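Here's the letter readout for the chains.
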Amino acid sequence: MYASRVIWTICLAATGLVAWYGLPAVSAEWQWSTNWLTSFDVWMIDHAAYPSVLAIDMSLGLTTFLGVFVIRRLFLHFEAMEAREKDFPALLLPTMDIIDVAEYIEDSSAWGHHRLLRLCAGPSLDESVAAEIRRAALVGAIRVIGTPTNLASEVVIDRRYWEEATIDEGRIWDRRNNFFTIPLAAGEYAPAGTKYQHGRIPVADVMKEWPAASKFLRMRVALMIRLRRPTLFQPALRRDS
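(A) Structural detail: the environment of L116. You can see L116 is positioned in helix α5 (residues 110-121). Through-space distance from the C-alpha of L116 to that of I225 is 8.6 Å; in sequence the pair is 109 residues apart.

(B) Spatial organisation of the pattern of salt bridges. Inspection of every chain in the model, using the stated rule, returns 8 salt bridges. A salt bridge links E209 to R135; the nearest nitrogen and oxygen atoms lie 2.7 Å apart. Separated by 74 residues along the polypeptide, E209 in helix α7 (residues 203-209) and R135 in helix α6 (residues 129-138) bring together distant segments of the chain. Overall, the relative accessible area of 26% leaves E209 in the partly exposed class.

(C) Representation of unusual backbone geometry. Non-glycine residue H198 carries a positive phi angle of around 55°. Tracing the backbone through its elements, the reader meets H198 in strand β6 (residues 196-202). H198 gets classed as partly exposed once you look at its relative accessible area, which sits at 37%.

(D) Spatial organisation of the sheet that holds strand β3 (residues 155-156). In spatial order, the strands read β1-β6-β2-β3; together these 4 strands make up an open sheet with antiparallel pairing. The strands lining the two open edges of the sheet, one partner per strand, are β1 (95-97) and β3. Pairing between β1 and β6: 3 bridges, direction antiparallel. Directly across from M96, in β6, lies its bridge partner I201.

(E) The pairing of strand β2 (residues 145-148), seen in detail. What you see with β2 is no split at all: I145 and T147 on one side and G146 and P148 on the other are buried throughout. One ladder, built from 2 bridges, connects β2 with β3; its direction is antiparallel. Residue pairing across strands places I145 opposite V156, the latter belonging to β3. With antiparallel pairing between neighbouring strands as the criterion, β2 and β3 make up a hairpin whose turn holds 6 residues. Both β2 and β6 contribute to a ladder of 3 bridges, which runs antiparallel. Bridging across to β6, P148 finds its partner in Y196.

(F) Inspection of the packing of aromatic side chains at higher detail. Evaluated as defined, the whole model comprises 2 aromatic pairs. Here the aromatic rings of Y161 and W162 are separated by 5.3 Å at their centres, their planes lie at 80°, and the arrangement is edge-to-face. With respect to burial, Y161 and W162 carry one shared label: buried. Ring centres 5.0 Å apart and planes at 85° place the aromatic pair Y161 and Y196 in the edge-to-face group.

(G) Region of the structure containing the nonpolar core. Core analysis: the largest hydrophobic core is formed by 27 residues, its most contacted members being I133 and W210. Put simply, the parts of the chain that give this core at least two residues each are α4 (98-107), α6, β4 (165-167) and β6. Residues contacting W210, with those up to four places away along its chain left out, are V101, Y104, I105, S109, W111, E132, I133, R135, A136 and I142. With 9 residues, the next largest nonpolar core counts A110, L116, L117 and V221 among its residues.

(H) Summary view of the environment of P183. Within the fold, P183 resides in strand β5 (residues 181-183). For the pair P183 and A165, spaced 18 residues apart in the sequence, the C-alpha separation amounts to 4.0 Å.

Parameters and conventions
- The written sequence of each chain sets the order in which its residues are numbered from 1.
- With pLDDT at 70 or above as the cut-off, local features in this predicted model cover only qualifying residues; side-chain atom pairs require 80 or more to be listed or tallied, and sums for whole chains, interfaces and linings still use all residues.
- Hydrogens and water are ignored here; the side-chain numbers use all heavy atoms of the structure.
- A helix here means a DSSP run of H or I that spans at least four residues, while a strand means a run of E at least two residues long, and both kinds are numbered starting from the N terminus.
- By definition, a salt bridge exists where a carboxyl oxygen of Asp or Glu is found within 4 Å of a side-chain nitrogen of Lys or Arg.
- Whether a residue is buried, partly exposed or exposed follows from its accessible area with a 1.4 Å probe, protein chains only, as a fraction of its type maximum: under 20%, in between, or over 50%, in that order.
- Think of it this way: DSSP has to see at least two bridges between two strands before they count as a pair.
- Side-chain rings of Phe, Tyr and Trp, where Trp is taken by its six-membered ring, are said to pair if the distance between their centres is within 6.5 Å; with planes under 30 degrees apart they count as stacked, over 60 as edge-to-face, and otherwise as tilted.
- Grouping buried Ala, Val, Leu, Ile, Met, Phe, Trp, Tyr and Cys residues that are joined through side-chain atoms within 4.5 Å yields what is termed a nonpolar core.
- Any two residues whose heavy atoms approach within 4.5 Å at even a single point are treated as in contact.

The values reported here are purely geometric and, on their own, carry no functional implication.
And the structure:
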């Protein structure tokens, strides 16, 4: 991969230099550097039935090739930026309150829309937003920030904490953002009295783990709710207060 990038960079640099300075003259005639372009034009006119169409096709092909190359480079750059942001300390990154994360996951994310699609098959397949956030925190996909009961400052909750604790289904929707975790068992990372409040999650973690739903998925879910089983989705669309 590295070698291909070096080769492409050298080729683009060489092409740019030739385009700016022209080819080095090997003849006393200064116009030699452009004679090969004239010869190519003459050859194309003599051999092609529609030279203008051929020229357009060649320019479009070159533009498409360069466009794909540039877009791929941009995606690699964005992926590298996301990786660097993921390694950045969570306490220094922009964050979302836990209730804002829950609302985004349910209303705007692809996970939330696929959840509604699964509800069409049967209400028993429903999955809670709180359980989904706990799952992502347990596998280390997101970093949850909170203030424990025995400290005044906020900390990044240890991933192993979620093996012995979960998120309160009711308080996750509380705008006051009070204690939102519930220890399931007394252990090394979740003692019986350890709860966290003022929950936050870095925006980069949220968007990477739960991408926004595409327009096609949104239209598909909206059409399904309107035409197929409108009453089935009312409990899913009603949040706990």
